[in-house]
Amino acid sequence: MLTEGKLVRDRIPQIIRADGAEPEVYVADPAEYRERLRAKLREEVAEYMEADETTAPEELADILEVAFALAADHGVDPAQLEKIRASKAQERGGFAERIVWTGNR
């Protein structure tokens, strides 16, 4: 269970220093990093769910950044991730047709 701190983007400590403060930070070990990435994904999805039409694209970009970091943590680069996505879309389709399933007869 994570109790203190939160995973932040790599340049945040530098930005805090530029604003005249000294951040307290440490580098997470691999297990904590993955756990914090998962928590960050939940946080970013929640922010997207609360976003309006203007801020939604920014929140989606944040989700994508976390997804890329999680993929890298699993040993998958963005090109490989896109290949997996495209393969699933080819096999099962995407979501462009807005189909809603309500069960079987």
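Above this text sits the structure in question.
Note that residues are indexed from 1 along each chain, following the sequence as it is written. Residues qualify for local features only when their pLDDT is at least 70, as the model is predicted, and side-chain atom pairs are given and counted only at 80 or more; totals for whole chains, interfaces and linings, by contrast, use all residues. As a rule here, side-chain values come from all non-hydrogen atoms in the structure, and water together with hydrogens is ignored.

J.: Would you mind showing me how to read the overall build of the chain here?
T.: Each helix is a run of H or I in the DSSP string that is no shorter than four residues. Each strand is a run of E no shorter than two, and both are numbered from the N terminus. When helices and strands are counted, the chain shows 4 helices and 0 strands. Secondary structure elements in the chain, listed N-terminal to C-terminal, are α-α-α-α. Using C-alpha atoms as the atom set, the radius of gyration is obtained and then compared with a globule rule of 2.2 Å times the number of residues to the power 0.38. What you see for the chain is a C-alpha radius of gyration of 18 Å, clearly larger than the 13 Å of a compact globule of 105 residues, by over 25%. Counting only C-alpha atoms and orienting by the principal axes, one finds that the chain spans roughly 60 × 35 × 30 Å. Exposed residues in this analysis have more than 50% of their type's maximum accessible area, buried residues have under 20%, and partly exposed residues fall in between, with area computed by a 1.4 Å probe over protein chains only. Relative to its full complement of 105 residues, the chain shows a buried share of 15%. We call two residues in contact when some of their heavy atoms are within 4.5 Å. Counting only contacts in the chain whose residues sit at least 6 apart along the sequence, the fraction spanning at least 24 positions is 56%. Note on areas: Shrake-Rupley with a 1.4 Å probe; residue coverage comes only from the protein chains shown. Counting every atom, the chain has about 9,300 Å² of accessible surface; 54% of that belongs to carbon and sulfur. When charges are counted, neither His nor the chain ends are considered; positive counts come from Lys and Arg and negative counts from Asp and Glu. By convention, charge coordinates are those of NZ in Lys, CZ in Arg, CG in Asp, or CD in Glu. If the 15 positive side-chain charges of the chain are averaged to one point and the 23 negative ones to another, these points end up 8 Å apart.

J.: Hey, could you run me through the side chain of Lys40 in this one?
T.: Within the secondary structure, Lys40 sits in helix α2 (residues 30-50). Excluding its chain neighbours within four sequence positions, the residues that come into contact with Lys40 are Lys6, Leu7 and Val66.

J.: So what exactly am I meant to see when it comes to unusual backbone geometry here?
T.: Outside of glycine, negative phi angles account for most residues, and trans bonds account for most peptide bonds. In this structure, Arg98 takes a positive phi of about 60° despite not being glycine. Mapped onto the elements, Arg98 comes out in the segment after α4 (78-92). Its relative accessible area of 76% is what places Arg98 among the exposed residues.

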